[in-house]
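Architecture at a glance
Here is what each chain is made of, one letter per residue.
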Amino acid sequence: MSAKLIDGKQIAIYLRAELKAEVEKLKQKGITPGLGVILVGADAASVSYVTAKEKACSEIGIYSDDNRLGAETSEKDLLALVDNMNRDPKINGILVQLPLPKHIDEQKVLLAIDPAKDVDGFHPVSVGKMVVGQKAFLPCTPHAVLQLLIRSGVKLEGAEVVIVGRSNIVGKPLANMLIQKSPTGNATVTICHTKTKDVSAHTRKADIVIAAAGRANTITADMIKDDAVVIDVGINRIDDATKKRGYRLVGDVDFAEVSKKAGLITPVPGGVGPMTITMLLYNTVESAKTAAGV
Ligand code: GUN
């Protein structure tokens with residue numbers, strides 16, 4: 001391996017220690033940041049994400065209100081719970097874990113969250129503010145990618161960035177963040193997706209490749225140029241009988257080969273994942289401070 005690792009786990013430890021100290025100071029003023037967490041159903045990946053988010057909250061002193069609802073929960077009941085959390089002063093952030101079961105209209109639920117508590121940054125008001133460069137809650141995964149790039153000293157201004165994946169959660173918001181006229185933006189961004197004719201033709205020219213396609217081995221070594229920065233947002237479960245839990249986690253990048261050619265690369269696990277949760281904690285603390293006028 002010739003690439004340097006971007007150690008998301010270590011950067012997250014450092015940031016969470018800062019946030020923990022900030023929460024302690026807020027508690028001395030009688031302010032405890034609170035996160036309302038809603039999980040509908042028992043999708044294995046979602047259960048593990050939500051559990052990790054709540055554990056991270058508890059580690060830094062954020063109160064979390066855990067709501068695990070059955071897969072058959074009606075849209076009406078879910079909206080009523082969101083409405084309760086909107087009114088609850090102990091709750092500064094609301095997290096409805098996605099995806100939701102098919103009988104629930106995801107956009108309707110996201111729209112019901114008070115934008116002042118939208119710590120996931122998925123509400124159209126948050127998205128709109130982010131696009132026009134106003135202060136808003138930034139969605140956690142793209143914000144995590146941006147922080148990893150900045151904290152690893154990667155030059156964004158003028159960089160050619162290719163994002164593979166156009167989801168509302170990662171690809172679209174990340175492209176918007178990276179093109180902002182700001183010292184943490186000013187990049188030239190291309191988004192590739194399932195209908196892109198020749199993904200390699202784009203990625204081979206990129207200084208920074210960000211894989212957010214949700215498919216293992218989407219990015220192979222022949223698709224990147226020497227010394228490219230490669231950020232892997234993917235988390236895919238691959239059956240593996242040698243593991244006790246029966247699977248292992250891999251990203252969207254063929255790490256073994258790409259890491260021989262890239263200049264900088266994030267691992268999976270231990271790259272974007274721990275930072276994503278950290279940005280959720282960050283948004284929740286910011287929301288509590290705003291609510292308290294601090
Ligand atoms: N599902 C996958 N990523 C996310 C996320 O960042 N937030 C929520 N709420 N659901 C998700």
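The structure contained in this document is the topic of the report that follows. All of these numbers come straight from a predicted model, not from anything done at the bench.

Parameters at a glance
Residues numbered from 1 in each chain as written. Predicted model: local features only at pLDDT ≥ 70, side-chain atom pairs only at ≥ 80, totals over all residues. Heavy atoms only, no water. Pairing = 2+ DSSP bridges. Helix = DSSP H or I, 4+ residues; strand = E, 2+ residues; numbered from the N terminus. 1 Å grid on protein atoms, 1.4 Å probe; cavity = no way out; pocket = protein on both sides within 12 Å on 5 of 7 lines; lining within 4 Å. Points joined across faces, edges and corners; volume = space filled by probe spheres on them. Nonpolar A, V, L, I, M, F, W, Y, C, P; charged D, E, K, R; others polar. Near = heavy atom within 4 Å. Polar contact = N/O pair within 3.5 Å; in protein donor to acceptor, adjacent residues only side chain to side chain. Areas by Shrake-Rupley, 256 points an atom, 1.4 Å probe, with all protein chains shown as cover. Expected span 1.5 Å × (residues − 1). Salt bridge = Lys/Arg side-chain N within 4 Å of Asp/Glu carboxyl O. Buried < 20%, exposed > 50% of the residue type's maximum accessible area, 1.4 Å probe, protein only. Disulfide = S-S within 2.5 Å. Axes fitted to C-alpha atoms, helices over the stretch in contact; angles between N-to-C directions.

With that settled, the discussion passes to the sheet that holds strand S1 (residues 4-5). Judged by pairing direction, the sheet is parallel, and its 6 strands sit side by side in the order S1-S11-S8-S7-S5-S6 without closing on themselves. Edge strands, defined here as strands with exactly one partner in the open sheet, are S1 and strand S6 (188-192). Alignment of strand S8 (residues 229-232) against strand S11 (residues 264-265), held across 2 bridges, turns out to be parallel. Within S11, the position partnered with Val-229 by the bridge is Leu-264.

It is worth spelling out the layout of surface pockets at this point. Counted as a void, the second largest pocket has a volume near 430 Å³. Elements supplying a minimum of two residues to the lining of the second largest pocket: helix H5 (124-131) and helix H10 (272-292). Counting residues per element, the lining of the second largest pocket draws most heavily on H10, at 6 residues. Each residue belonging to the lining of the second largest pocket can be placed in one class, and the counts come to 9 nonpolar, 6 polar and 5 charged.

This part takes up the site of the ligand. Residues in contact with the ligand, as listed here, are Lys-53, Val-96, Gln-97, Leu-98, Asp-120 and Phe-122. In the environment of the ligand, a nitrogen atom lies 3.2 Å from a nitrogen or oxygen atom belonging to the side chain of Gln-97. When the ligand is considered free in solution it has 280 Å² of accessible area, and contact with the protein chains removes 85% of it. When its residues are assigned to classes, the shell around the ligand shows 3 nonpolar, 1 polar and 2 charged.

Compared with the 30 Å implied by 1.5 Å per residue over 21 residues, the 30 Å span of H10 between its first and last C-alpha is a close match. A positive phi of about 70° marks Gly-293, the residue just after H10.

What follows deals with the pattern of salt bridges. A side chain with one charge may pair with a side chain of the opposite charge, provided their charged atoms come close. Taken as a whole and judged by the stated rule, the model has 11 salt bridges. Of the charged contacts, one joins Arg-87 and Asp-83 as a salt bridge, the two residues approaching to 3.1 Å between their closest N and O atoms. Taken together, the residues Arg-87 and Asp-83, both in helix H3 (residues 75-87) and 4 residues apart, mark about one turn of the helix. Lys-225 serves as the salt-bridge partner of Asp-207, at 2.7 Å between the closest nitrogen and oxygen. Note that Asp-207 is positioned in the loop between helix H8 (199-203) and strand S7 (208-211) and Lys-225 in the loop between S7 and S8, a separation of 18 residues in sequence. For Asp-207, a relative accessible area of 28% gives the class partly exposed. Beyond isolated ion pairs, a larger network of salt bridges with shared partners links Glu-22, Glu-286 and Lys-289.

The subject of this paragraph is the environment of Thr-190. If you trace the backbone, Thr-190 turns up in strand S6. Along the sequence, Thr-190 and Ser-167 sit 23 residues apart, while their C-alpha atoms lie 14 Å from each other.

This part takes up the state of the cysteines. Tallying each qualifying case throughout the model produces 0 disulfides. Not engaged in a disulfide, the cysteine Cys-57 finds its nearest cysteine sulfur in Cys-140; these two sulfurs lie 11 Å apart.

Turning our attention to the sheet that holds strand S3 (residues 63-69). Within the open sheet, the 3 strands sit side by side as S3-S2-S4. Their pairing is parallel. Since the sheet does not close on itself, it has two edges, and those belong to S3 and strand S4 (93-96), each with one partner. Strand-to-strand, the axes of this sheet are offset by a mean angle of 15°, without reference to chain direction. Pairing of strand S2 (residues 34-40) with S3, which is carried by 7 bridges, proceeds in the parallel orientation. Its bridge partner being in S3, Ile-38 is matched across the sheet by Asn-67.

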